[in-house]
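Structural overview for review
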Amino acid sequence: MRYFAGASVLDFSPSLLFHCRELGALGRRLVMTSVNSHSRSRESGGSDDGIITVEEWRRWGPVSPFPSAVKQIVDDLKVLECKLNSPIEFGGNGGKLQGPFGAFEDKKHRATYEALDDPEKKFRFFSARQVACRLLGSRGYLCQKCWLAMEDCMCADVKPFGLWKKIRFWLYMHPRDFLRQNNTGKLLWQIFGVQSATLCIFGIAEDEEMMWNEFKRAGRSQVCCLYPNQNSELTLSVEKAFGNSTSENPGSNMADEDKTLHFILLDGTWNNSAAMLKRLKDHAKLVWGDEELPCISLATGASAMHKLRPQPSWDRTCTAAAAIGLLSELSLLPQLSSYGLDKQADALEEALVILLDSLTGRRLRMGRSITRKVRNTISIC
């Protein structure tokens, strides 16, 4: 399937229109031929004043300001579209840039990447470009709430449910998993709301700054990461971490009215999750010194999504199932049994089944297999 970016020259900011005017007849011709595509941009929340507005950005799930690095890349792509007189076109496996524009842009962005001498700048450029391309390619094609193709939208079937106020989830998502249709992390803010389950994209400065500001306010004792099989003294079971109210372990006093426990869920492939965890731990040391970021390991089995995406091993599961497992295990602790955590887990599991049904229906309709072979890069999103 191929689809276009859905944003027209009419969506350009004044600075971008200046670049198009410099192109003379080409710029005018693009303006005249862009009217039909303009409506798709408006349907996705686009504005005459800019290509992607803050409102459109937040409709996809984030609560952060629109990232400056992403905006710059979007602007550059649209200027390049004017210069080449070739539309931004996405398609094929992974929805990559296609056609003459894609070939030229691929060389251009690789040269830009290689010219960066700082690994951190390279990493942030990679993340921003992934997000920018996914935003443009998904306009008018994916539902902004459930990230499914419009014809498969499941929003009408999903029922929001309140999360206990002393818990906040952070979906630390790899940029390659942003706007993926089979991502399950998105279900958390669909069900619990963006203030209870907040998206943070790996490598996006505004997102990471927002998340770490919250962690600094909460303190190290109120932050932990869900990650299995960590050979560390700070990898704890739910029972060990929260079962003893006199323990010095993270979150041991979860019922404290003045504190919220922040759980980080890594949302990416298992291969990518190692780099994501390392970045979290490295930053934690900068903030809190030599003390490591505590990790929680769950006794989670296979989730419904194993039918579509088998995991590398049985202790590894999709992001939504990890959250379900955590809530279920916490609900078994006597001091937390009265907060309805089991019902919150059930609400999330119901949404996971709805997502599975939607994805299965689409595969069957397209004549594709509803199962996949196990691969080491299977997504945990």
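The residue numbering used here restarts from 1 in each chain and proceeds along that chain's sequence as written. It should be noted that, the model being predicted, local features are given only for residues of pLDDT at least 70 and side-chain atom pairs only at 80 or more, the latter also being counted only at that level, while totals for whole chains, interfaces and linings use all residues. Note that water and hydrogens are dropped before the side-chain values are worked out from all heavy atoms of the structure.

The name recorded for the chain in an unreviewed UniProt entry is tRNA-uridine aminocarboxypropyltransferase, from Microthlaspi erraticum. Taken verbatim from the UniProt record of the chain, the Catalytic activity (unreviewed entry) comment is "a uridine in tRNA + S-adenosyl-L-methionine = a 3-[(3S)-3-amino-3-carboxypropyl]uridine in tRNA + S-methyl-5'-thioadenosine + H(+)". UniProt positions are given in the numbering used here, feature names are shortened, and annotations may be inferred rather than shown by experiment.

**Section: the overall build of the chain**
Secondary structure elements follow DSSP: runs of H or I no shorter than four residues count as helices, runs of E no shorter than two count as strands, and numbering proceeds from the N terminus. For the chain, the helix and strand inventory stands at 13 helices and nine strands. Sorting the 381 residues of the chain into buried and exposed places 55% on the buried side. Residues are treated as being in contact if the distance between any of their heavy atoms lies within 4.5 Å. Counting only contacts in the chain whose residues sit at least 6 apart along the sequence, the fraction spanning at least 24 positions is 77%. Surface summary for the chain: the accessible area is close to 17500 Å², and the carbon and sulfur share equals 51%. Relative accessible area decides the class of each residue, using a 1.4 Å probe on protein chains only: under 20% of the type maximum gives buried, over 50% gives exposed, and in between gives partly exposed. Residue exposure ignores everything except the shown protein chains as possible cover, and the areas themselves are Shrake-Rupley values with a 1.4 Å probe.

**Overview of the confidence of the model for the chain**
Confidence of the predictor at the level of single residues is captured by pLDDT, which takes values from 0 to 100. When pLDDT is averaged along the chain, the result is 81; 73% of the residues meet or exceed 70. For residues 310-314, every residue scores under 50 in pLDDT, and the model assigns this stretch 22 contacts once sequence neighbours within four places are set aside. Counting interchain partners and residues more than four positions distant, the pLDDT-below-50 stretch residues 374-381 has 44 contacts.

**Structural notes on the packing of helix H5 (residues 68-84) against helix H6 (residues 99-115)**
The contact between H5 and H6 brings their axes to 11 Å, and the two run at 125 degrees. Here H5 lies oblique to H6, going by the angle between them. Seen from above, H5 lies across H6 with right-handed handedness. Between H5, through Leu-77, Leu-80, Glu-81 and Leu-84, and H6, the contact on the second element is made entirely by Phe-101, Phe-104, Glu-105 and Lys-108. Only Asp, Glu, Lys and Arg are considered charged in this grouping, and only Ala, Val, Leu, Ile, Met, Phe, Trp, Tyr, Cys and Pro are considered nonpolar; every other residue, Gly among them, is considered polar. Residues that form the contact of H5 with H6 fall into these classes: five nonpolar, no polar and three charged. Simply put, an axis is a line fit to the C-alpha atoms, just over the touching stretch for a helix, and the angle between two N-to-C directions goes from 0 to 180 degrees. Any angle that is under 35 degrees is reported as roughly parallel, and any over 145 degrees as roughly antiparallel; angles of 65 to 115 degrees are reported as roughly perpendicular and all others as oblique. In this scheme the handedness of a crossing depends on how the near helix is turned from the far one: anticlockwise by less than a right angle means left-handed, clockwise means right-handed.

**As for the sheet that holds strand S4 (residues 167-173)**
Read from one edge to the other, the open sheet built from six strands follows the order S5-S4-S8-S6-S9-S7, with strand pairing classed as parallel. In the strand order of this sheet, the two ends are held by strand S5 (197-201) and strand S7 (235-237), each with one partner. On average, adjacent strands in this sheet sit at an angle of 35 degrees to one another, irrespective of strand direction. When DSSP finds two or more bridges between a pair of strands, those strands are recorded as paired. As paired elements, S4 and strand S8 (residues 261-267) share seven bridges and run parallel to each other.

**A short note on the pairing of S4**
Among the seven residues of S4, seven are classified as buried, and the element is accordingly described as predominantly covered. Along S4, one buried face is formed by Ile-167, Phe-169, Leu-171 and Met-173 and the opposite face, lined by Arg-168, Trp-170 and Tyr-172, is buried too. Sheet topology places S4 next to S5; five bridges connect them, and they run parallel. Across the sheet, Tyr-172 pairs through a bridge with Cys-200, a residue of S5.

**Points about helix H7 (residues 119-138)**
For the α-helix, the turn length of 3.6 residues means that residues three or four positions removed from each other point alike. Expected span, for any helix, means 1.5 Å times one less than how many residues it has. For H7, spanning 20 residues, the distance from its first C-alpha to its last is 29 Å, which sits close to the expected 28 Å at 1.5 Å a residue. Taking burial as the measure, the 20 residues of H7 include 15 buried ones, the bulk of the element. At the C-terminal side of H7, Gly-140 shows a positive phi close to 75 degrees.

**Things to note about the pairing of S5**
Remember that side chains alternate between the two faces of the sheet whenever the strand is regular. Of all five residues that make up S5, five are buried, and the element is covered over most of its length. Of the two faces of S5, the one lined by Ala-197, Leu-199 and Ile-201 and the one lined by Thr-198 and Cys-200 are each fully buried.

**Topic: unusual backbone geometry**
For Trp-147, which is not glycine, the phi dihedral falls at a positive 65 degrees. Here Trp-147 is to be found in the loop between H7 and S4. The class for Trp-147 is buried, based on a relative accessible area of 0%. A positive phi angle is found at Leu-179, which is not glycine, with a value near 70 degrees. Its location among the elements puts Leu-179 in the loop between S4 and helix H8 (186-192). Relative accessible area serves as the criterion here: at 5%, Leu-179 is assigned to the buried category.

**Regarding H5**
With 17 residues, H5 should reach 24 Å at 1.5 Å per residue; the first-to-last C-alpha distance of 24 Å fits that figure. Among the residues making up H5, those that are buried are Val-70, Ile-73, Val-74, Asp-75, Leu-77, Lys-78, Val-79, Leu-80, Glu-81 and Cys-82. Taken from the residues just after H5, Asn-85 is the one with a positive phi, measuring 55 degrees.

**Considering the nonpolar core**
Of all hydrophobic cores here, the largest spans 78 residues; its most connected members are Leu-135, Phe-169, Phe-178, Phe-242, Phe-263 and Leu-330. When residues of this core are assigned to their parent elements, the largest contribution, nine residues, is made by helix H13 (residues 341-365). These domain boundaries are the output of an automatic or database domain assignment. Counting residues domain by domain, this core receives three or more from each of domain 1 (54-138) and domain 2 (150-241 + 259-366). With residues up to four places along the chain from it excluded, the contact list for Phe-178 reads Trp-57, Trp-60, Val-131, Arg-134, Leu-135, Trp-147, Met-173, Leu-199 and Ile-201. The term nonpolar core refers to a set of buried residues drawn from Ala, Val, Leu, Ile, Met, Phe, Trp, Tyr and Cys, joined through side-chain atoms within 4.5 Å. Core analysis: the next-biggest nonpolar cluster, separate from the first, contains 23 residues, Phe-202, Met-210, Val-223 and Met-276 among them.

**Some thoughts on the environment of Lys-96**
On the secondary structure map, Lys-96 appears in strand S3 (residues 96-97). By relative accessible area, Lys-96 is classed as exposed at 58%. Taking the C-alpha atoms as reference points, Lys-96 and Gln-130, separated by 34 residues in sequence, lie 9.8 Å from one another. For Lys-96, the contacting residues outside a window of four places in its chain are Glu-89, Phe-90 and Gly-91.

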